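# Structural overview
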Number of protein chains: 2
Amino acid sequence: MSLIVVGSVAYDGVETPHGKVDRMLGGAATYISLAAAYFTPVKLVGIVGEDFAREDVDLLASRQIGLEGLEQVPGKTFFWSGVYSADMNDRTTLCTDLNVFADFNPKLPDSYRCEPYLLLGNIQPALQKGVRAQMPRLSLAGGDTMNYWIKDFREELLETIAEWDFLLINDSEARMLSGEANLRRAAARILKMGPRTLVVKRGEYGAVLFHGDCHFMAPSYLLEDVFDPTGAGDCFAGGFAGYLAGQGVTPSNGSIDFAELRRAVIYGSVMGSFCCEKFGVDRFRNLTREEIDARFREFQTCTAF
Amino acid sequence: MSLIVVGSVAYDGVETPHGKVDRMLGGAATYISLAAAYFTPVKLVGIVGEDFAREDVDLLASRQIGLEGLEQVPGKTFFWSGVYSADMNDRTTLCTDLNVFADFNPKLPDSYRCEPYLLLGNIQPALQKGVRAQMPRLSLAGGDTMNYWIKDFREELLETIAEWDFLLINDSEARMLSGEANLRRAAARILKMGPRTLVVKRGEYGAVLFHGDCHFMAPSYLLEDVFDPTGAGDCFAGGFAGYLAGQGVTPSNGSIDFAELRRAVIYGSVMGSFCCEKFGVDRFRNLTREEIDARFREFQTCTAF
């Protein structure tokens, strides 16, 4: 049973204090799929231009990621570039060329429509809603969003997330969406908007999972070198949803097993941490499931008391 | 066996988004002592002026805090006032009147000198070193410092902390002291300066404990209302050192039992969280050990996986 991943497939130009790469494979759906594929079969939905390189297709295919839903059309692939601050907690966008992504209107291949798991990367809320409507047999659906949609497409976004089981956002987005500065109050409001499960990502400070009246706090892995944080949040999402799909987790009366959710958050943190160890998707070229499980155990060692 | 606590005893004026108090009991040694006294007998060393109120002496005495070392001299008690930002992550100092604290030169009563535990609040490093020298039978000593001493009194500070078992600082201080932006590298450098145990406090994001090659990450308690964060870091220190003293922890070959250190960090977080629930020291007027232990168990519930 596969996880359907929908979102951007892109080329990125990235500069961090550790170096600069002018053009490399990126995009939310790319990072999510690469991370999730360690846990469950993945089928990707996205759009690329004629310039999309054979070697990048080959990388995704080598992880058994289904590419029937990766549309290739005339024009150029989405290109984004940015530069990170010295502490890498901020980044400045230098360039956003939507290119073929501007007309992205995801239509799922028939072979995708009956799958039970769906993870929607950060795209226009109405498009996310449209994908959800194409999948009549979902066990679990959720996704990501961003400040732009929260601010300027609020009604559409609220209609969209009302149908989701889980929402993954960062702390400033949680505050913006809820209108509450306090994280615990913000979470309580968001849980009334539809999703029974909320994961608030806090970058280097970890993540907090809210589910019903319970919450769970996960630290971020303490890396000695953060080379490139691009995609770390998407890899978190991929690890989180990929783990749940791989375990065959299904909500019962809207509620998901809390122990599985906690493990999913840790796997999300693990995948986010690996992502930062090299530029772009490079860490996933040779990362093994054994390394992932070893880091999961490291999380246990450094949080148990 | 008592914990000796040395530092400021003050009056504070504090404004937060939840309210404003013009004058209330404060000071690092006050907060540390009140928090630590839930775990172990405490003896305080500090200085106050003629204006120090009987009711404030009574509060400390009611917690069985030894006050033989609390010197009262002509003049006024140290006064500090500040205002917090809307999210309470920043504060602006409005006024710092050192008053009698300017001449603080801690001399320990004879009855204090043979105690085994010492916690030095943030004061001039040479004064901290002088106190350490008055205690020949120490099992465990450590303390806090701040950016001012790190920047302008570096040599004195390095000589001082070289004799400590543990150092408690916040993350920006850890970066300043070590010259390393990465927290893990910063910690490795600081552990070579003398203290075998380092606790890096990260405010609302929790704390990280470093000890030898091991580390432990503790979240901060997710409060629904933070009324006043003043003193939370000192209460963390008080809970941490108070717990270790109460357990009779003694280093063996310079190394402290790591399981006890982890529990001490959680008790530190617990005490810091209670501190924020009311203005100034008010939460400690009726806080019970049962509430403290219940919150410790809550930390277990929301971090285990």
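Throughout what follows, the structure given in this document is the object of discussion.

Reading guide: rules and limits
Every chain is numbered on its own, with residues counted from 1 as its sequence reads. Starting at A for chains and at 1 for ligands, labels are handed out in the order in which the entities are written. Only residues with pLDDT of at least 70 get local features here, since the model is predicted, and only at 80 or more are side-chain atom pairs given and counted; chain-wide, interface and lining totals rely on the full set of residues. Heavy atoms from the whole structure form the basis of all side-chain values; hydrogens and water molecules are not counted. Here a strand is any run of E in DSSP of at least two residues, a helix any run of H or I of at least four, and the numbering for each starts at the N terminus. Both definitions apply: the radius of gyration is a C-alpha atom measure, and the globule rule equals 2.2 Å times residues to the power 0.38. For every residue, the accessible area obtained with a 1.4 Å probe (protein chains only) is divided by the maximum for its type, and the residue is called buried under 20%, exposed over 50%, and partly exposed between those limits. We call two residues in contact whenever any of their non-hydrogen atoms come within 4.5 Å of each other. The accessible surface values rely on the Shrake-Rupley method and a 1.4 Å probe; as for residues, cover is taken only from the protein chains in view. His residues and chain termini do not enter the charge count, which takes Lys and Arg as positive and Asp and Glu as negative. Throughout, a charge is located at the NZ atom of Lys, the CZ atom of Arg, the CG atom of Asp or the CD atom of Glu. Buried area is a sum: the accessible area each of two parts loses on coming together, probed at 1.4 Å, counted once for each and added. For salt bridges, the criterion is a side-chain nitrogen of Lys or Arg within 4 Å of an Asp or Glu carboxyl oxygen. Think of a polar contact as two N or O atoms within 3.5 Å of one another; within protein, one of them needs to be a possible hydrogen donor and the other a possible acceptor, and neighboring residues in sequence only count if both atoms come from side chains. Under the scheme applied, nonpolar residues are Ala, Val, Leu, Ile, Met, Phe, Trp, Tyr, Cys and Pro; charged residues are Asp, Glu, Lys and Arg; polar residues are all the others, including Gly. Here the copies are superposed with least squares, the fitted atoms being C-alpha atoms of residues at a pLDDT of at least 70 in both.

## Structural notes on the overall build of chain A
For chain A, the count of helices and strands is 10 helices and 13 strands. For 305 residues, the compact-globule estimate of 2.2 N^0.38 gives 19 Å, and the C-alpha radius of gyration of chain A, at 18 Å, lies within 12% of that figure. Across its three principal directions, the C-alpha atoms of chain A cover 50 × 45 × 40 Å. Every one of the 305 residues in chain A was classed for burial, and the buried ones make up 59%. Summarising the internal contacts of chain A: among those between residues at least 6 apart in sequence, 64% fall at separations of at least 24. Carbon and sulfur atoms form 47% of the exposed surface of chain A, whose accessible area is close to 11,900 Å². Positive and negative side-chain charges of chain A, numbering 30 and 40 respectively, have mean locations separated by a distance of 6 Å.

## What to know about the interface of chain A and chain B
Taken together, the contact between chain A and chain B spans 31 residues of the former and 31 residues of the latter. Summed over the three residues of chain A that lose the most area to chain B, namely Met217(A), Leu222(A) and Phe305(A), the buried surface amounts to 29% of that side. Linking chain A with chain B are two salt bridges. Residue Arg185(A) is joined to Asp225(B) by a salt bridge in which the shortest nitrogen-to-oxygen separation is 2.7 Å. Applying the counting criterion to the chain A and chain B interface returns 12 residue pairs in polar contact (both at pLDDT 80 or more). Within the residue set of the side of chain A that touches chain B, elements represented by two or more residues are helix H6 (171-178), helix H7 (183-191), strand S12 (207-211), strand S13 (214-218), helix H9 (258-275) and helix H10 (289-301) of chain A. Looking at side-chain class alone, the side of chain A that touches chain B contains 16 nonpolar, six polar and nine charged residues.

## What to know about the relation of the copies chain A and chain B
When chain A is brought onto chain B, the operation consists of a screw motion whose angular component is 180° and whose axial shift is 0.0 Å, with 0.0 Å RMSD remaining. The relationship between the two copies is best expressed as a two-fold rotation axis. Most of the interface of chain A is mirrored in chain B: 100% of its interface residues are interface residues there too.

## Details of the pattern of salt bridges
Residue and element names in this part refer to chain B. Applying the stated rule across the entire model yields 31 salt bridges over all chains. Where arginine 23 meets aspartate 51, a salt bridge forms, and the shortest distance between an N and an O atom there is 3.0 Å. Taken together, the residues span a long stretch of sequence, with arginine 23 in strand S3 (residues 19-26) and aspartate 51 in the loop between strand S4 (42-48) and helix H2 (54-62) at a distance of 28 residues. What makes arginine 23 partly exposed here is its relative accessible area of 44%.

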